[in-house]
Amino acid sequence: MAANITFDLDLCNSCKTCIDACFIDVIRWDDKKEQPFAAYPEDCVLCLGCEEACPAQCIEVVPATVSAAPQ
Ligand code: SF4
Ligand code: SF4
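Residues numbered from 1 in each chain as written. Chains lettered and ligands numbered in written order. Predicted model: local features only at pLDDT ≥ 70, side-chain atom pairs only at ≥ 80, totals over all residues.

Asks: Which residues make up the overall build of the protein chain, and what values do they have?
Replies: A tally of regular secondary structure across the protein chain gives two helices and four strands. Along the protein chain, helices and strands appear, N-terminal first, in the series β-α-β-β-α-β. Residue burial in the protein chain is summarised as follows: out of 71 residues, 18% are buried. Considering only contacts within the protein chain whose residues lie at least 6 apart along the sequence, 57% involve residues at least 24 apart. (Helix = DSSP H or I, 4+ residues; strand = E, 2+ residues; numbered from the N terminus. Buried ≥ 20, exposed ≤ 12 C-beta atoms within 10 Å, placed from the backbone. Contact = placed C-beta atoms within 7 Å.)

Shown next, in the form of structure tokens:
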């Protein structure tokens, strides 16, 4: 499975809750920017645990669009 995981980083308060929320470590921490990023979106199982856990509601997870088969 794969997902498009986006963070509204203007709203993010750098609490790291999303890092703990993702049980398969899709989300990692950028130490330089002090913000999360989707390191392994291809491993996401769309459980939406990170979305629900984020106190700032700045995470959006949607299924990755499957590219069309060659014609
Ligand atoms: S939806 Fe679930 S598996 Fe995907 S990044 Fe969020 S917590 Fe991890
Ligand atoms: S849980 Fe939300 S506010 Fe906290 S670090 Fe993650 S994206 Fe930012």
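Right, picking up where we left off after that structure.
Asks: Residues and numbers for the nonpolar core, please.
Replies: Residues Ala3, Ile5, Cys18, Cys22, Val26, Ile27, Ala38, Cys44, Cys50, Cys54, Ile59 and Val61 constitute the largest nonpolar core, which totals 12 residues. Listed by contribution, the elements that provide at least two residues to this core are strand 1 (3-7) and strand 4 (59-63). Not counting residues up to four positions away in its chain, the partners in contact with Ile27 are Cys18, Ile19, Cys22, Pro36, Ala38, Ala39 and Cys50. (Core = buried A, V, L, I, M, F, W, Y, C linked by C-beta atoms within 7 Å.)

Asks: Describe the site of ligand 1, listing the residues and the values that go with them.
Replies: The local shell around ligand 1 holds 15 residues, among which Cys22, Val26, Cys44, Cys47 and Cys50 are the closest. For the shell around ligand 1, the elements supplying multiple residues, two or more each, are strand 1 and helix 2 (49-53). Here the residues of the shell around ligand 1 sort into 14 nonpolar, one polar and no charged. (Near = placed C-beta within 6 Å. Nonpolar A, V, L, I, M, F, W, Y, C, P; charged D, E, K, R; others polar.)

Asks: Now, about the pairing of strand 2 (residues 27-30): what can you tell me, with residues and values included?
Replies: Sheet analysis places strand 2 next to strand 3 (residues 35-38), joined by four bridges and oriented antiparallel. Looking at the pairing, Asp30 lines up with Gln35 of strand 3. Turn length for the strand 2-strand 3 hairpin, with the two strands adjacent in sequence and antiparallel, is four residues, and the turn residue Glu34 shows positive phi of about 60°. (Pairing = 2+ DSSP bridges.)

Asks: How would you explain the site of ligand 2 if you had to name every residue and give the values?
Replies: Around ligand 2, the surrounding shell holds 14 residues, and the nearest of these are Cys12, Cys15, Thr17, Cys18 and Cys54. Tallied by class, the residues present in the shell around ligand 2 amount to 10 nonpolar, three polar and one charged.

Asks: How would you summarise unusual backbone geometry if you had to cite specific residues and measurements?
Replies: Of all residues except glycine, most have a negative phi; of all peptide bonds, most are trans. Positive phi, normally seen in glycine, also occurs at Ser14, with a value near 60°. Look at Leu46: it is not a glycine, yet its phi comes out positive at around 60°. Within the fold, Leu46 resides in the loop between strand 3 and helix 2. A count of 14 C-beta atoms within 10 Å places Leu46 in the partly exposed class.

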